[in-house]
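In case you want the letters, here they are:
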Amino acid sequence: MAAIAQLVVSGVMLGGIYAIMSIGLTLIFGVLKIVNFAHGEFLMLAMYVAWAIASLAGVNAYAAMIFVIPVLFGFGVLVYLLIIRSAVDKPHLIVVFATMGLSIVMQNLALVLMTADLRDVPPLFGGAPIRIGPLYLRVELVLGFLISVVVTLALMVFMKRSYLGKAIRATVQDRDAAMLMGINVPRLFLLTFAGGSALVGLAGCIMLPLYSTFPTVGLNFVLIAYVVVVLGGMGSMGGALLGGMCIGIVQSLSGYYIAPAYGQLFYFLVFLLVMIFRPDGLFGQRGAAMVGINE
Amino acid sequence: MDPVRAGALAQPVDVAAQLVRGDAPDPSAGKSEAERIITQEGVKLITGTYASPLGIAISAESERQGVIHWETIASADVITKRGYKHVFQVGPAASRYGTAALDFTREELAKRLDKKPEDLRIALLWENRAFGAAVGAGARARAKELGIKLIYDEGYDQFMTDMTPLVQKLKDAKPDVLIAISFINDTILLHRKAKELDLYVPAVIGVSAGHSVPDLKDSLGAAVNGIFVSDLPVLVNPKALRPEVQAAAEEFNARYEKIQHRVPAGHAVASFAALWPLFKDVLPRAKSMDPEDVRAAALSMDLPDGSLINGSGLKFSNFDLPQDPKDAGQNIRSAIGVWQWQSLGARQVYPANLATNDVAMVPLPEWSKR
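Every chain is numbered on its own, with residues counted from 1 as its sequence reads. Ligands are numbered from 1 and chains lettered from A, in the order in which they are written. Owing to the predicted nature of the model, reporting of local features is limited to residues with pLDDT of at least 70; listing and counting of side-chain atom pairs is limited to 80 or more, with chain, interface and lining totals taken over all residues.

Would you explain the interface of chain B and chain A in this entry?
Where interface size is given, it is often the accessible area lost as the parts come together that is meant. We call two residues in contact when their backbone-placed C-beta atoms lie within 7 Å. The interface is formed by 24 residues belonging to chain B together with 24 residues belonging to chain A. The numbering of helices and of strands both runs from the N terminus, where a helix is a DSSP run of H or I of at least 4 residues and a strand a run of E of at least 2. Looking at the side of chain B that touches chain A, the elements with two or more residues in it are strand S7 (150-156), helix H5 (164-173), helix H6 (184-196) and helix H8 (214-220) of chain B. In terms of residue count, H5 of chain B provides more of the side of chain B that touches chain A than any other element does, six residues in total.

It is not clear to me how the pairing of strand S10 (residues 228-231) of chain B should be interpreted in this structure. Could you clarify?
Within a regular strand, side chains alternate between the sheet's two faces. Residues and elements named next belong to chain B. Burial in this document is a count-based property: other C-beta atoms within 10 Å of a residue's C-beta are tallied, and the residue is buried at 20 or more, exposed at 12 or fewer, or partly exposed in between, with C-beta positions derived from the backbone. Along S10, one buried face is formed by Phe228 and Ser230 and the opposite face, lined by Val229 and Asp231, is buried too. If DSSP finds at least two bridges between two strands, the strands pair. Looking at chain direction, strand S9 (residues 203-207) and S10 are connected through three bridges and run parallel. Within the sheet, the bridge partner assigned to Gly206 lies in S10 and is Val229. As defined by bridge partners, S10 adjoins strand S13 (residues 337-342) across four bridges and the pair is classed as antiparallel. Within the sheet, the bridge partner assigned to Asp231 lies in S13 and is Gly337.

Explanation requested: helix H2 (residues 52-65) of chain B in the structure shown.
Because each turn of an α-helix spans 3.6 residues, side chains separated by three or four positions end up pointing in the same direction. Residue and element names in this part refer to chain B. Expected span, for any helix, means 1.5 Å times one less than how many residues it has. Taking 1.5 Å of rise per residue, 14 residues should cover 20 Å, and H2 covers 20 Å from first to last C-alpha, within 8% of that figure. All buried positions along H2 are accounted for by Ser52, Leu54, Gly55, Ile56, Ala57, Ile58, Ser59, Glu61 and Ser62. Here the buried face of H2 lies against helix H1 (27-39), strand S3 (45-47), strand S4 (68-71), strand S5 (87-89), helix H3 (94-112) and helix H4 (130-146). Gly66 sits one or two residues past H2 and shows a positive phi near 75°.

What exactly am I supposed to notice about the domain arrangement of chain B here?
All names here are of chain B. Residue ranges for the domains originate in an automatic or database domain assignment. Segmenting chain B into domains produces domain 1 (2-92 + 266-335) and domain 2 (95-231 + 338-369). Placing the centre of domain 1 and that of domain 2 at their C-alpha centroids yields a distance of 30 Å. With 11 residues of domain 1 in contact, the opposing surface of domain 2 contributes 11 residues. For the side of domain 1 that touches domain 2, the secondary-structure elements that each account for two or more residues are H2 and helix H10 (266-285). If one sorts the elements of the side of domain 1 that touches domain 2 by residue count, H2 sits on top with three residues. Each residue gets one label: Ala, Val, Leu, Ile, Met, Phe, Trp, Tyr, Cys and Pro are nonpolar, Asp, Glu, Lys and Arg are charged, and the others, such as Gly, are polar. Residue classes in the side of domain 1 that touches domain 2 are distributed as five nonpolar, five polar and one charged.

Would you explain helix H9 (residues 243-260) of chain B in this entry?
Between the first and last C-alpha of H9 of chain B there are 26 Å, a value that for 18 residues agrees with the 26 Å anticipated at 1.5 Å per step. Taken from the residues just after H9 of chain B, His261 of chain B is the one with a positive phi, measuring 60°.

Structural data, given as structure tokens:
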């Protein structure tokens, strides 16, 4: 019984981490209707920047957020202006190849500049876990989960209440009508792409205390991010949170009760079943992929 | 392309060769790159693949093109069991890493854990690609020979992002000894999760790869001390080496430290140990660089143990091993042993003739005291 509780709680916590690394992707997809195939490498960059700041300034990775988020926002602006802006209205394949090319360039640049060595930061409180009854939880995992939930909820409120959030939703629903109402759509696209990138910056700071970083670290996570986004309902932030938790629990329980060798098999199986029976995702609305950001 | 006078350590030898570099991140790229450097650059001998999947793919291409593949550290058993005539593996086959872990457990750990070998609870955890599966098979076979039961034997995907299920299963199994075959990222995740979930195992033997690289110490800090590594020997007892080899070992270590600013790991030592006799003995003895002549020279090698800086000798199988008639090109005198992460660094502790230090920290302290 204690084992099941441990697996479920660990799965839920990890799901929160999966959600925060996927939210930038879902935001960009929901608004710009493009899939950023370099998402994993954005995460790699964020983890390296967080590592560099944490190591150089001697602060922990969470404090590094103050720098990493603006750096990734700026990087998002740069990528948007140089690559995405001219590809966004072209056929999907152009964006696919452009972002895939960016992904390969980033991986190889990281390999040249940082070598293949693993980089990580020392654990908080010497790595001692929090113990609640029979459950053991790493402090960094709990912190990451809490930040993830708070940020997701805040973003949902932001989308619903703020002027910018409303403008984003209006653009998603009808780009031409939004333009006629005076919304600067190209600027909104830029802000959304950079904002999505900044969210990856946040994810990098949360993940660095849990995982080492290296040039191909993004590949370990990017498939999970795609599954989380689609499972949760494309463009849905709350969906990403629940989708992440769903993947975390499936991974944890299937690894324990069936075989750890097939962890990916089971969450992809769940993914396929959801796609067959609920093509708009577990928590998405019908046609969400076309409409974009959900409530 | 750099002209090299390789083997040019203490005594330069007259082998002039040209070094052609090929880069490949995965097996299919490796195969294409091997084809390119053979057909376009006229390469006659390929060496330097570091991982089994690369070694398997590139050696297959070398054999197809009729050039020599001189394997240094890629170790999957299959590399020399495909009936190929131009593939030579100087380091030990992967299954021997598993064998060494079991022998060490029986001979050294059982008495220190106050148990008979057959009463030990041994868990075997292996990443499920070429290397992990091959080492796992070697350990399993040896356990059967020794009459030792494995209470846990499971493969896992090395790209797992969460080790909770594995660690929870190990907690349920309550092993005395954990033998883990993993790469670096999964090794770090495994030990961190073991600490998080308070999985206590009195003795841990990692098998080369992830457990042997300096990154592990950088990540785990002092918690790495006490972990054993079944591996290519690192710094062996000088008495196990022939005098001229001792001098080469000292010079290699000094040069390596000067360039890399750290002591060499087993893979670095083994890579040098594999190429040194190639340039010092095999190529000078070959009538020409023609692959058939190099093959004949390699097969004529008969160097006793202690001839290479990691304690190995050099003699290749050639479809003549009674227990394995399909094996050709495996160095049957390659050395393997167990070293331990100790506070002073990596120290060879097994077998006795190669050991520089005694086994320490058995049983391991609890996590809170590490």
